[in-house]
Amino acid sequence: MGVLITVLAVFAVAGLVLLALSVRNVQQYEKGVVFRFGRLLPDIRGPGLRIIRPIGDRMRKVSVQTEVLGIPPQGSITADNVTLTVDAVVYFKVIDPVKALVNVRNYPAAVSQIAQTSLRSVIGRADLDTLLSDRDHINAELKKVMDAPTEEPWGLRIERVEIKDIALPESMMRSMSKQAEAERERRARVIAADGEFQASQRLTDAAATMADTPGALQLRLLQTVVDVSAEKNSTLVMPFPVEMLRFFEHQSRETDGASDGRVTHRSSRSTQSSAAPEAPEGVVIPEPAFPSPAFPSPAIAPALSLSGERVGSGGKRIGSRAEVARERRENWPTRKDAEESLNG
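Cut-off values and rules
- Throughout, residues of each chain are indexed from 1 in the direction in which the sequence is written.
- Given that the model is predicted, a residue must reach a pLDDT of at least 70 before its local features are reported, and side-chain atom pairs must reach 80 or more before they are shown or counted; all residues, however, enter totals for whole chains, interfaces and linings.
- To get the side-chain values, all heavy atoms of the structure are used, and hydrogens and water are removed first.
- In this analysis, strands are considered paired if DSSP registers two or more bridges between them.
- Comment: elements are numbered from the N terminus, with helices defined as DSSP H or I runs of at least four residues and strands as E runs of at least two.
- Axis lines are fitted to C-alpha atoms, over the contacting stretch for helices. Their N-to-C directions set the angle, which ranges from 0 to 180 degrees.
- We call two residues in contact whenever any of their non-hydrogen atoms come within 4.5 Å of each other.
- Definition used for salt bridges: Asp or Glu carboxyl oxygen within 4 Å of a side-chain nitrogen of Lys or Arg.
- Categorising residues by exposure relies on relative accessible area from a 1.4 Å probe, with only protein chains included: less than 20% of the type maximum marks a residue as buried, more than 50% marks it as exposed, and the intermediate range marks it as partly exposed.
- Definition used in this section: a nonpolar core is a set of buried Ala, Val, Leu, Ile, Met, Phe, Trp, Tyr and Cys residues joined via side-chain atoms within 4.5 Å.
- When charges are counted, Lys and Arg are positive and Asp and Glu negative, with His and the chain ends excluded.
- N or O atoms within 3.5 Å of each other form a polar contact, as long as, within protein, one can give a hydrogen and the other can take it, and as long as residues adjacent in sequence are counted only when both atoms are side-chain atoms.

1. Side note on the sheet that holds strand 6 (residues 67-77)
Then, number 1: Here we have three strands laid out as an open sheet, ordered 6-7-8, and antiparallel in their pairing. Edge positions in the open sheet fall to strand 6 and strand 8 (156-167), since each of these has one partner strand only. Recorded for the sheet is a direction-independent mean angle of 25° between the axes of neighbouring strands.
Then, number 2: Bridge count for strand 7 (residues 83-94) against strand 8 is ten bridges, and the pairing is antiparallel. By the bridge assignment, Val-94 is partnered in strand 8 with Leu-156.
Then, number 3: Taken strand by strand, helix 3 (residues 107-125) contacts strand 6, strand 7 and strand 8, and its axis lies near 35° from that of strand 6.
Then, number 4: Across the sheet, helix 5 (residues 135-154) is in contact with strand 7 and strand 8; its angle to strand 8 comes to roughly 145°.

Quick look at the structure:
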């Protein structure tokens, strides 16, 4: 009786051991792949308690969660011959546990290597401006390059690829900062010029309105006086009309033009008329023995020009009164000149 109890106890313990070796717990985020004597079984075990053969069956659990893999910094040269260092991060997950276990060994390391080579290849085909300004396009291109060798053969899906950091040389960073500063100054000048243009248009419309309504200009003038005198009450500012300034400027130009020319006043002495005056009836006026000599018009006293200079008969500049009188005497016609004029 005691031997039977011992045998039963041994069988019970052996059954419990075999049961423990046969039961596998699969988590919700895992898939179980069973190999029987090294041969893959077609059934993939889902989450929960799963029974396998204790002898000859081996179960491998594969996580189907999204895994994050960091790519080490990679030095590369862009299409426009700029050397830089880029690091990125890859998000991937297993969609086919059988392929991930059978077709590739250590698939996280394989994804890391394919990500590094793809990153260098994509950066080499892009220029620096595209790499800095259009990262979405670079990320999409990098994901497309990595999907080809991983999804179908390895059973992995690349969900997302992001470039984290781009390290540039110091000289390139200084050049880019100067370029950015120049671009900001250009935009500021364009905006300021646009504002001046719009303001000039508004001022033109306001000037046209004030020209049609003179009262508006007067009100604006009074408002300006109020604004100026508000800061210093002891000072009153009165605007000077621009039209008055223009009048003085016009008069100044006329005075300058007159002072540049030389003005000479001359007068001709009227000769005696040869016709006798009309006599009363019955009175006979005898004819003169000699006709009245036609004397040439003598030069009179020179006139004063606007510049204060005296000009003689010949256009000669003279100064004092004595010089004026002396020239009159020299140029006055003599009797001999009168007779030669009559005979000639």
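There is more to say, and it comes next.
2. Let's talk about the pattern of salt bridges
Then, number 1: Counted by the stated rule, this structure contains seven salt bridges.
Then, number 2: The salt bridge partner of Arg-36 is Asp-57, with a shortest N-O separation of 2.8 Å. On the criterion of sequence distance, the pair formed by Arg-36 in strand 2 (residues 30-36) and Asp-57 in strand 5 (residues 57-63) is long-range, its members being 21 residues apart.
Then, number 3: With relative accessibility at 22%, the residue Arg-36 sits in the partly exposed group.
Then, number 4: Between Arg-160 and Glu-162 there is a salt bridge, with the nearest N and O atoms lying 2.7 Å from each other.
Then, number 5: For Glu-162, a relative accessible area of 24% puts it in the partly exposed group.
Then, number 6: Connected via shared salt-bridge partners are Glu-183, Arg-186 and Arg-187.

3. Concerning the nonpolar core
The tendency in soluble globular proteins is for nonpolar side chains to be buried as a group.
Then, number 1: Counting residues in each nonpolar core, the largest one holds 32 residues, and the members touching the most others are Leu-84, Val-86, Val-90, Tyr-107, Val-111, Leu-131 and Met-146.
Then, number 2: Listing elements by their share of this core, those giving two or more residues are strand 6, strand 7, helix 3, helix 4 (128-133), helix 5 and strand 8.
Then, number 3: Residue contributions to this core peak at seven residues, all from helix 3.
Then, number 4: With residues up to four places along the chain from it excluded, the contact list for Leu-84 reads Gln-74, Gly-75, Ser-76, Thr-78, Ile-123, Leu-128, Leu-131, Ile-166, Ala-167 and Leu-168.
Then, number 5: Val-26, Val-34, Leu-41 and Ile-52 belong to the second largest nonpolar core, which has five residues in total.

4. Remarks on the side chain of Arg-45
Then, number 1: Take Arg-45: it is sitting in strand 3 (residues 39-45).
Then, number 2: Buried and unpaired, Arg-45 has no salt bridge, with Asp-43 as the nearest side chain of opposite charge at 5.5 Å.
Then, number 3: Side-chain polar atoms of Arg-45 contact the backbone oxygen of Ile-51, separated by 3.2 Å.
Then, number 4: Leave out the neighbours within four places in its chain, and Arg-45 touches Val-26, Lys-31, Gly-32, Val-34, Arg-50, Ile-51, Ile-52 and Met-59.

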